[in-house]
Amino acid sequence: MLEITSTILAQGRVPGGKKGAARKLRAQGRVPAIAYGPKQTPRQLSLDPKLFPLQRMRFGLGHLYDVQVSEALDDGPAAFKCLIRDIQSDPVTRKLLHVDLYAVDMASPLSVDVEIELVGKAAGIIEGGLLSQILRSVEVVCLPSQIPAKLVADVTPLGVGDSLHLSDIKLPEGVKFTAHHDEAVALVAEPDAAPTTPAEDAAAATAAAGAAPAKAPEKK
């Protein structure tokens, strides 16, 4: 049985920008990848097309991965930590085409998206209300070692018409939101309310929080 860990096993590859070289590499059962970062020269690597997608699914894009490089063709480190920055897949077959890895500087803060998980049963649901999650992830800034696996938001106190905002989420030490506004995360709507879009839910939550209405244009 294949063991799924958060260590990405990479191999060095000969640098080259030609599409033919990338196709040849994929035909050999590998996926082209590049690793770059603030204190590392870009490195041409290749990954396992079967193992890597399973790792990404289990640990997510915001996870801090360990990378082990074998058959290195440069003088770069044999091991480093990274975030997954970009993944390119074939739009038809969904086969992996290319991966960008960001080699982090463990001493420098960085911005990363973190999943928001709702926990508890909102009081408004018992009253017949409908719970809607408006924000499913949020960008935070922190040191790489402080990246949270997820943020937990307790919706238990929410009654019908109540909303939960970013300011209601307790952040781990050293972690801050990058958002300049106190965005709505979840809302308990009236039981007979018509279906709405997330944007409409966000607007309703902002209004419920006491936001001032937009000023009407002056008549000339």
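Note that the coordinates shown come from a computational prediction; the quantities given were computed from them, not determined experimentally.

A. Local environment of the overall build of the protein. A count of helices and strands for the protein gives four helices and 13 strands. Sorting the 220 residues of the protein into buried and exposed places 35% on the buried side. For the protein, the share of sequence-separated contacts (at least 6 apart) that also reach a separation of at least 24 residues comes to 66%. As displayed, the protein has an accessible area near 13,500 Å², and 55% of this comes from carbon and sulfur atoms.

B. Here's a closer look at unusual backbone geometry. The phi torsion at Arg-94 lies on the positive side, around 65°, for a residue other than glycine. Judged by its relative accessible area of 58%, Arg-94 is exposed.

C. Looking closely at the side chain of Gln-133. Along the polypeptide, Gln-133 turns up in strand β8 (residues 130-133). From its side chain, Gln-133 meets the backbone oxygen of Ile-116 in a polar contact 3.0 Å long. Polar side-chain contacts of Gln-133 include one of 3.3 Å to the side chain of Arg-136. Apart from residues no more than four positions distant in its own chain, Gln-133 is found in contact with Ile-116, Leu-118, Val-185 and Ala-186.

D. The sheet that holds strand β5 (residues 79-89), seen in detail. Read around the closed barrel, the six strands follow the order β1-β3-β2-β6-β5-β4; overall the barrel is mixed. Neighbouring strand axes in the sheet, compared pairwise and without regard to direction, differ in orientation by 45° on average. Where β5 meets strand β6 (residues 96-103), seven bridges bridge the pair, whose relative direction is antiparallel. Counted as the bridge partner of Ile-84 is Leu-101 from β6. Contacts between helix α2 (residues 51-59) and the sheet are confined to β1 (7-12), β3 (40-47), β4 (65-70), β5 and β6, with β5 contributing the most and set at about 100° to the helix.

E. Just the pairing of strand β10 (residues 151-154), in detail. Residues Leu-151 and Ala-153 point to one face of β10 and are all buried, whereas Val-152 and Asp-154, pointing to the other face, are not buried. As paired elements, strand β7 (residues 110-119) and β10 share four bridges and run parallel to each other. The partner of Val-119 across the bridge, within β10, is Asp-154.

F. Main features of the layout of surface pockets. Volume-wise, the largest pocket comes out at about 430 Å³. Around the largest pocket, the lining is made up of 20 residues, and of these Gly-60, Leu-61, Gly-62, His-63 and Asp-113 lie nearest the centre. For the lining of the largest pocket, the secondary-structure elements that each account for two or more residues are β5 and β7. By residue number, the principal contributor to the lining of the largest pocket is β7, which donates five residues. Among the residues making up the lining of the largest pocket, the classes are represented as 11 nonpolar, five polar and four charged.

G. Structural context of the sheet that holds β8. On the basis of which strands lie adjacent, the open sheet formed by three strands has the order β8-β13-β11 and antiparallel pairing. The outermost strands of the open sheet, each flanked by one partner alone, are β8 and β11 (163-165). When the angles between neighbouring strand axes are averaged without regard to direction, this sheet yields 10°. Sheet topology places β8 next to strand β13 (residues 184-189); four bridges connect them, and they run antiparallel. Paired with Gln-133 across the bridge in β13 is Ala-186.

Parameters and conventions
- Residues numbered from 1 in each chain as written.
- Predicted model: local features only at pLDDT ≥ 70, side-chain atom pairs only at ≥ 80, totals over all residues.
- Heavy atoms only, no water.
- Helix = DSSP H or I, 4+ residues; strand = E, 2+ residues; numbered from the N terminus.
- Buried < 20%, exposed > 50% of the residue type's maximum accessible area, 1.4 Å probe, protein only.
- Contact = heavy atoms within 4.5 Å.
- Areas by Shrake-Rupley, 256 points an atom, 1.4 Å probe, with all protein chains shown as cover.
- Polar contact = N/O pair within 3.5 Å; in protein donor to acceptor, adjacent residues only side chain to side chain.
- Pairing = 2+ DSSP bridges.
- Axes fitted to C-alpha atoms, helices over the stretch in contact; angles between N-to-C directions.
- 1 Å grid on protein atoms, 1.4 Å probe; cavity = no way out; pocket = protein on both sides within 12 Å on 5 of 7 lines; lining within 4 Å.
- Points joined across faces, edges and corners; volume = space filled by probe spheres on them.
- Nonpolar A, V, L, I, M, F, W, Y, C, P; charged D, E, K, R; others polar.

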